[in-house]
Structures are given as structure tokens and as C-alpha cells.
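One letter stands for each residue in the lines below.
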Amino acid sequence: MAFDTDTLRAFLDAHGLRPTGFERIATGKFNDSYVVALRDGRQVVLRIAPADDAGFLFYERGMMAQEPGLHRLLRERTSLPVAEILVHDPSRNTIDRDFLVMERLPGRALSEASLPGAAVDRAMEHTGRLLREVHDACRDARYGYLGEHHPMDPAESWADAFRTMWGLLVDDIRACGAYDAAEAKAVTEALAPHLHLFDREVPSCLLHMDIWAQNILVDGGGTVTGLVDWDRALWGDVEIEFAVLDYCGISTRAFWRGYRRERDTSPAARVRWAFYTLYELQKYIVICMLRSKRPGDAARYKAHALRMLAEL
């Protein structure tokens, strides 16, 4: 929804920020976001979380709460261009929404930049280099969604974390009516025969889980000026990040040139890739049913997922 100027002004005034103008960011898909001009000459970004009844995946509810800590961590441990978060307000004193205010990074979304091919390659290579830095520098001893929104208990192994995540995702699909009881049971149990392939020693890396052209900011030459929207971040096996990169069209030769690591292409890795891709794919069933109100699209995502599972 679009907010009126008085409401937007109240968000900022409550924290001593004096706005002079607002421009809605049209590319936002989950939060309502605005570029705000301040009286002191700065520009900031105001992000307002969805209403509580918007319809969420298990890890989306309240996920804005983990962004301040993740931004601090990334700014401390990496050279990644990440915005400083100036305000995070979950008090709901102004309106029944959480919101945050962050500095505005330079550049524009790669999806909107209309760059020539060579500059796009430069952006992909730079993205690969930055994401490799995050994966190497930001690690934890636990696995799963570890943020302040607490969508699950931390796991001691990646296999345990992914089993929990898979089950919770299927529960979401069942709850929105897209899977019946028999389908939900079959999809949940489909992981069990392959779970041993996930039970291996892998570092728990910070994973963005939503890198696509809209979340990559670039300048006119293809230099990355920001990777944004860390609210879906997960701690675990980098292979699930790779599957999302594949799905979102980021796994180009230029990206891997920047990442500087060979992917595991073994039969076991291919099975893991299939389940990781299904984890990404099936989320759109819930999104289409609950937020987009497009049951036909949800049915197509469901059919695709069930075909992939049948092939496994």
C-alpha cells in the first residue's frame, strides 16, 4: 500500500529526522520503501514492513528485526557496500508496522540500469567477488535462520537445519491450501531417503538468499555499489545460495569468475541442488496464494515442484 505524506513524516519526525520529500521505490516487492530527502541535505531510505495479515512464509514474519545486526556484522567484517541502519523501530507507536531507516547507497538496481553487456559482466564478476567475501568472513557455529525474528531453533548441523526448514515450508504450503494432507506428507517424506547427502561437514556461512538483479545496485560502469535486502538471510551450506543464484539468473560465467571457486558437480551435489531449488521454487506457491492472490500461478509452481520430486 502507499502511505500518505503525513504518515510518512510521522515515521521520521519520531526519530528527529526532518523530511522534505518522499519518492516511492517502485521495485520493492515485500516492504513499502521510499527515498526520503532530509532537511540537512541527506537522502535516506525508509522501509515499512507489511501488515501482520499480509501472508508470510515461516521465515518472513518479523524478518526485518534481523537486518540491523546483519548490517553491522557485514560492515565490520567485510568490504561489502552495505547501508548503515540509522533507525529500527518495532514499537508501532506511529502505525501498526515495523519500520527502519537506512542511509541511501549510490547507484541504481541492475534490473533498471540498462547497462551494456560488458558492464553487466563487470557487475556480475564484482557480485561474485563480494559474495565470496561474505561467505568466507561471516560464519557461525549454528545453522538455520538465526535472526532476532526466531523462525526456528538453531540447529547443530546443516542436515538438521535443512530438515526443519523443509518441513516448515511444507507446513506453510499445506496451511495456505495448496497441498492437501497426502501431498504434504509425501513432499515432507521425500527428503528422508536423501538426507544423508546433507549430513556432511560444511561451514555455516551467512547466505543472502535473494541475490537477483533488483537487489544489486550498480553505477554506470557496472561497479557494484550495494547488495541490498538482507532480511531473508540464512546461515548454512553455500550450495543452497548457489541454487538460488541459478534460479535467479545470476550464475553467469562472469559471476563465477569473480567468486573464484569451482562448484561440486558430483551426483550427491546434484541431488542437494534439486532439493535446494525446490526450497526456492515452492516458496512461490505460498506467495502466489497469500500475497499475490494468483492461484493459477501457484498451481503452476506446485506442478513444477511435484514433477521435480517425481524425477528424484
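Below or above, wherever it landed, is the structure these notes cover.

Rules of the game
Residues numbered from 1 in each chain as written. Predicted model: local features only at pLDDT ≥ 70, side-chain atom pairs only at ≥ 80, totals over all residues. Heavy atoms only, no water. Helix = DSSP H or I, 4+ residues; strand = E, 2+ residues; numbered from the N terminus. Rg over C-alpha atoms; globule rule 2.2 N^0.38 Å. Buried < 20%, exposed > 50% of the residue type's maximum accessible area, 1.4 Å probe, protein only. Contact = heavy atoms within 4.5 Å. Areas by Shrake-Rupley, 256 points an atom, 1.4 Å probe, with all protein chains shown as cover. Lys, Arg positive; Asp, Glu negative; His and termini not counted. Charge placed at Lys NZ, Arg CZ, Asp CG, Glu CD. Expected span 1.5 Å × (residues − 1). Axes fitted to C-alpha atoms, helices over the stretch in contact; angles between N-to-C directions. Parallel < 35°, antiparallel > 145°, perpendicular 65-115°, else oblique. Left-handed = near helix turned anticlockwise from the far one by under 90°. Nonpolar A, V, L, I, M, F, W, Y, C, P; charged D, E, K, R; others polar. Pairing = 2+ DSSP bridges. Phe/Tyr/Trp six-rings, centres within 6.5 Å; stacked < 30°, edge-to-face > 60°. Lys NZ or Arg CZ within 6 Å of the ring centre and 35° of its normal.

**Re the overall build of the protein**
- Within the protein, the regular secondary structure consists of 10 helices and 11 strands.
- Here the protein has a C-alpha radius of gyration of 20 Å; the compact-globule value for 312 residues is 20 Å, and the two agree.
- Structurally, the protein occupies a C-alpha span of about 60 × 40 × 35 Å along its principal axes.
- Looking at the 312 residues of the protein, the share that counts as buried comes to 51%.
- Within the protein, counting contacts between residues at least 6 apart in sequence, those at least 24 apart form 68% of the total.
- A total accessible area of about 14000 Å² is found for the protein, and carbon and sulfur atoms account for 49% of it.
- The distance from the centre of the 39 positive side-chain charges to the centre of the 46 negative ones in the protein is 4 Å.

**Quick look at helix H5 (residues 158-175)**
- With 18 residues, H5 should reach 26 Å at 1.5 Å per residue; the first-to-last C-alpha distance of 25 Å fits that figure.
- Among the structural elements, helix H6 (181-190), strand S11 (234-236), helix H7 (238-247), helix H9 (267-291) and helix H10 (295-311) are those in contact with the buried residues of H5.
- Of the residues one or two after H5, Gly177 is the one with positive phi, at around 90 degrees.

**Considerations on the packing of H9 against H10**
- Interaxial distance between H9 and H10 falls to 8 Å at its minimum, and their mutual angle equals 160 degrees. In terms of orientation, H9 and H10 fall into the roughly antiparallel class. Judged by the twist between their axes, the crossing of H9 over H10 is left-handed. Within the contact between the two elements, H9 uses Ala274, Phe275, Thr277, Leu278, Leu281, Gln282, Tyr284, Ile285, Cys288 and Met289 and H10 uses Pro295, Asp297, Ala298, Tyr301, Lys302, His304, Ala305, Met308 and Leu309.
- Tallied by class, the residues present in the contact of H9 with H10 amount to 14 nonpolar, three polar and two charged.

**A short note on the sheet that holds strand S9 (residues 216-218)**
- Pairing is antiparallel in the open sheet, where three strands are placed in the order S6-S9-S10. Each end of this open sheet is capped by a strand with a single partner; those strands are strand S6 (108-109) and strand S10 (224-227).
- Together, S9 and S10 form the strand contacts of helix H4 (residues 117-137), whose direction differs from that of S10 by roughly 50 degrees.

**Let's talk about the packing of aromatic side chains**
- Going through the model one piece at a time under the given rule, you end up with 23 aromatic pairs.
- Taken together, a centroid distance of 5.0 Å and an interplanar angle of 75 degrees make the contact between Phe242 and Trp256 edge-to-face. With a gap of 14 residues between them, Phe242 in helix H7 and Trp256 in helix H8 (residues 253-259) connect regions that are remote in the sequence.
- Where Phe242 meets Tyr259, the ring centres are 5.4 Å apart and the plane angle is 90 degrees; that geometry is what we call edge-to-face. Here Tyr259 lies in helix H8 and Phe242 lies in helix H7, a separation of 17 residues in the sequence.
- Accessibility expressed as a relative area gives 1% for Tyr259, which makes it buried.
- Here the aromatic residues Phe58, Tyr59, Tyr145, Trp158, Phe162, Trp166, Phe198, Phe275, Tyr276 and Tyr279 are joined through ring pairs into a cluster of three or more.
- The lysine or arginine in question, Arg132, covers the ring of Tyr259, its NZ or CZ lying 5.5 Å from the ring centre.
- Sitting over the ring of Phe30, Arg232 keeps its end group 5.0 Å from the ring centre.

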